[in-house]
Amino acid sequence: LKSGEVFTAPKFISNICASKMFLTMLDGIQISERASDRARQVNGSVSAFVVYLGLNIDIREQGITDYEIFMDPDFDLENQYTAAITNDLAKTQMIATIYSNLDTGCAPKGKTTMSLFHLSGYDFWKGLSKDEYKSKKAELADLAVSKCEKFFPRIKQCIEVKEIATPLTLESYS
């Protein structure tokens with residue numbers, strides 16, 4: 001850690017990209033040449049595109065009391081997976097998680113915090129220029145909010161805060 005504190009264990013479980021873990025996070029730790037070679041060959045996997053929202057209303061007062069809502073465009077999981085890899089989010093499942101419905105401490109009184117989650121292909125984002133990246137991120141966030149309007153018609157007018165995370169954003173958190 002930055003503080004200099006060190007944790008040791010005979011085994012550990014990691015939920016980040018193997019190449020990032022083995023090639024950057026284990027700095028100074030000896031790993032086998034085989035593991036190092038395999039880590040260099042790892043490609044980006046399916047990740048997530050997430051729109052985090054802060055709303056200026058308590059969504060429970062609109063009759064929405066669930067904390068997770070799954071919205072599927074169809075039941076063809078193969079097509080949804082292909083759409084996720086290519087970031088055709090109109091054809092993928094979206095999961096709305098309403099944190100403040102699960103724990104009222106997640107938002108001030110009269111407000112709501114939530115996220116709109118889609119699977120998303122990593123390589124798609126990696127290949128975009130800076131301008132393309134910003135434009136696509138905004139476009140897909142607008143699409144996610146529009147999809148959300150199916151269960152909450154006034155959501156666009158209620159957004160106070162919006163943060164967007166792409167697979168590259170999530171990678172930078174590690």
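Not measured: the values here are computed from a predicted model.

## Considerations on the side chain of Ser120
In this fold, Ser120 is placed in strand 4 (residues 112-121). Take Ser120: its relative accessible area is 0%, and that puts it in the buried class. Engagement of the side chain of Ser120 in a polar contact is seen with the side chain of Trp125, the distance being 2.9 Å. Excluding anything up to four places from it in sequence, Ser120 contacts Ser45, Val46, Ser47, Ala48, Phe49, Ala84, Asn87, Trp125 and Pro167.

## Here's the deal with the packing of aromatic side chains
Scanning the model with the defined rule gives 3 aromatic pairs in all. Ring geometry for Phe124 versus Trp125: centroids 5.3 Å apart, planes at 85 degrees, classification edge-to-face. Of the residues examined, Phe124 reaches a relative accessible area of 26% and is grouped as partly exposed. With a relative accessible area of 0%, Trp125 lands in the buried category.

## Focus: the sheet that holds strand 2 (residues 68-71)
Taken in spatial order, the 5 strands of this open sheet run 2-3-4-1-5, and their pairing is antiparallel. Of all the strands in the sheet, the pair left with one neighbour each is strand 2 and strand 5 (159-165). On average, adjacent strands in this sheet sit at an angle of 15 degrees to one another, irrespective of strand direction. In this sheet, strand 4 lies alongside strand 3 (residues 94-98) in antiparallel orientation, the contact comprising 4 bridges.

## Observations regarding the environment of Gly105
Its location among the elements puts Gly105 in the loop between helix 4 (99-102) and strand 4. Look at Gly105 and you get exposed, because its relative accessible area is 64%.

## What about the pairing of strand 2?
Across the two faces of strand 2 the burial differs, with Ile69 and Met71 buried and Glu68 and Phe70 not buried at all. Sheet analysis places strand 2 next to strand 3, joined by 4 bridges and oriented antiparallel. Within the sheet, the bridge partner assigned to Met71 lies in strand 3 and is Met94.

## Comments concerning the environment of Thr86
The topology assignment puts Thr86 in the loop between helix 3 (77-85) and strand 3. Once the C-alpha coordinates of Thr86 and Phe124 are considered, the two residues, 38 residues apart in sequence, prove to be 6.5 Å apart. Within the structure, the side chain of Thr86 is placed 3.1 Å from the backbone oxygen of Thr82, a separation counted as a polar contact. Within the structure, the side chain of Thr86 is placed 3.3 Å from the backbone oxygen of Ala83, a separation counted as a polar contact.

## Some points on the nonpolar core
Counting 27 residues, the largest nonpolar core has Met114, Leu116, Phe151 and Phe152 as the members making the most contacts within it. Elements that contribute at least two residues to this core include exactly strand 1 (46-55), strand 2, strand 3, strand 4, helix 6 (130-148) and helix 7 (155-158). Ranked by the residues each element gives to this core, the list is headed by helix 6, at 6 residues. Filtering out sequence-adjacent residues up to four positions away, Phe151 remains in contact with Ile64, Ile69, Met71, Ala96, Ile98 and Met114.

## Structural notes on a negative patch on the surface
Together, Asp72, Asp74, Asp76 and Glu78 make up a region of like negative charge exposed at the surface. Owing to a relative accessible area of 36%, Asp72 belongs among the partly exposed residues under this scheme.

## Comments concerning the confidence of the model for the protein chain
Caution applies to low-pLDDT regions: their predicted coordinates should not be interpreted in detail. Scored by pLDDT, the protein chain comes out at a mean of 88, with 94% of its residues at no less than 70. At the low end of the mean pLDDT range in the protein chain sits helix 1 (residues 18-25), at 74; at the high end sits strand 5, at 97.

Here is what the cut-offs are and how they apply
- Residues numbered from 1 in each chain as written.
- Predicted model: local features only at pLDDT ≥ 70, side-chain atom pairs only at ≥ 80, totals over all residues.
- Heavy atoms only, no water.
- Helix = DSSP H or I, 4+ residues; strand = E, 2+ residues; numbered from the N terminus.
- Buried < 20%, exposed > 50% of the residue type's maximum accessible area, 1.4 Å probe, protein only.
- Polar contact = N/O pair within 3.5 Å; in protein donor to acceptor, adjacent residues only side chain to side chain.
- Contact = heavy atoms within 4.5 Å.
- Phe/Tyr/Trp six-rings, centres within 6.5 Å; stacked < 30°, edge-to-face > 60°.
- Pairing = 2+ DSSP bridges.
- Axes fitted to C-alpha atoms, helices over the stretch in contact; angles between N-to-C directions.
- Core = buried A, V, L, I, M, F, W, Y, C linked by side-chain atoms within 4.5 Å.
- Patch = residues over 30% accessible without salt bridge, like charges linked within 9 Å, V, L, I, M, F, W, Y side chains within 5 Å.
- Areas by Shrake-Rupley, 256 points an atom, 1.4 Å probe, with all protein chains shown as cover.
- Salt bridge = Lys/Arg side-chain N within 4 Å of Asp/Glu carboxyl O.
- Lys, Arg positive; Asp, Glu negative; His and termini not counted.
- Charge placed at Lys NZ, Arg CZ, Asp CG, Glu CD.
- pLDDT = per-residue confidence, 0-100.

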